[in-house]
Amino acid sequence: QVQLVRSGGGLVQAGGSLRLACVASRSIFSINNMGWYRQTPGKQREMVARITSGDTTDYTDSVKGRFTISRDNAKNTMYLQMNSLEPEDTAVYYCHCIFRYLNYWGQGTQVTVSS
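Just so you know, these numbers come straight off a predicted model, no measurement behind them.

Caption draft 1: The arrangement of the overall build of the protein in detail. What the protein contains, in helices and strands, is zero helices and 11 strands. In terms of its C-alpha atoms, the protein occupies a principal-axis envelope of roughly 40 × 25 × 25 Å. Looking at the protein as a whole, 40% of its 115 residues qualify as buried. When the accessible surface of the protein is totalled, it reaches about 6300 Å², and 46% of it is carbon and sulfur.

Here it is, written out as structure tokens:
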């Protein structure tokens, strides 16, 4: 099993930055797929960014060039650096991983971007 504990989030003005962190309860060295998702009321959860154990990254089009996903295996931590935030980025953000074919989710954290 894996427990994911997130930190970060909050309220920021448009154009500002926030960093989210997600700490895993076990070594992430062997966890190939990790990522960040977000959800707004009435909408499906969507992938924001994901990263493999080989540091291959993938982003949804709306955040390309603004968000950066990274992982620090030594700290069992994944990050999401969010720059140039827009009101449309307002959502609850979740960290996620797939370990031994099972999906694990962290608690959501609210990110609110004011215009």
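Resuming the write-up.
Caption draft 2: Local environment of the nonpolar core. In terms of nonpolar packing, the biggest core is built from 30 residues, with W36, L80, M82 and Y93 touching the most fellow members. Put simply, the parts of the chain that give this core at least two residues each are β3 (18-24), β4 (33-39), β5 (46-51), β7 (67-72), β8 (77-82), β9 (91-99) and β11 (109-114). Looking at which element gives the most residues to this core, the answer is β9, with five residues. When near neighbours in sequence (up to four residues on either side) are disregarded, M82 contacts G16, S17, L18, L20, R66, F67, Y93 and V111.

Caption draft 3: Layout of the state of the cysteines. Within this structure, the stated rule accounts for one disulfide. Covalent S-S linkage joins C22 and C95, the inter-sulfur distance amounting to 2.3 Å. With the S-S dihedral at roughly 60 degrees, the linkage between C22 and C95 falls on the right-handed side. Of the two residues, C22 sits in strand β3 while C95 sits in strand β9, which places them 73 residues apart along the sequence. With relative accessibility at 0%, the residue C95 sits in the buried group.

Caption draft 4: Examining the pairing of β8 more closely. Here β8 lies mainly inside the structure; five of its six residues are buried. Relative to β8, β3 is paired through six bridges, and the arrangement is antiparallel. Residue V23 lies in a different strand from β8, and its bridge partner there is T77. Pairing analysis gives six bridges linking β7 to β8, with the strands arranged antiparallel. Pairing of R71 across the sheet is with M78, part of β8. Remark: four residues form the turn of the hairpin made by β7 and β8, two consecutive strands paired antiparallel; N76 in that turn has positive phi of roughly 55 degrees.

The rules we used
Per chain, the residues get numbers from 1 upward, laid out in the order the sequence is written. Local features in this predicted model are restricted to residues of pLDDT 70 or higher, and side-chain atom pairs are both shown and tallied only at a pLDDT of 80 or more, whereas totals for entire chains, interfaces and linings draw on every residue. Remark: hydrogens and water are excluded; side-chain values derive from all non-hydrogen atoms of the structure. In this description a helix means any DSSP run of H or I spanning at least four residues, a strand means any run of E spanning at least two, and both kinds are numbered starting from the N terminus. Each residue is assigned to one of three classes by its accessible area relative to the maximum for its type, calculated with a 1.4 Å probe on protein chains only: buried under 20%, partly exposed between the two thresholds, exposed over 50%. Areas reported as accessible are Shrake-Rupley estimates using a 1.4 Å probe. Residue values count occlusion only from the protein chains shown. Remark: nonpolar core denotes a set of buried residues (Ala, Val, Leu, Ile, Met, Phe, Trp, Tyr, Cys) joined through side-chain atoms within 4.5 Å. Two residues form a contact once any of their heavy atoms are found within 4.5 Å. The rule for a disulfide is simple: a pair of cysteine sulfur atoms within 2.5 Å. Strand pairing follows a simple DSSP-based rule, namely that at least 2 bridges must link the two strands.

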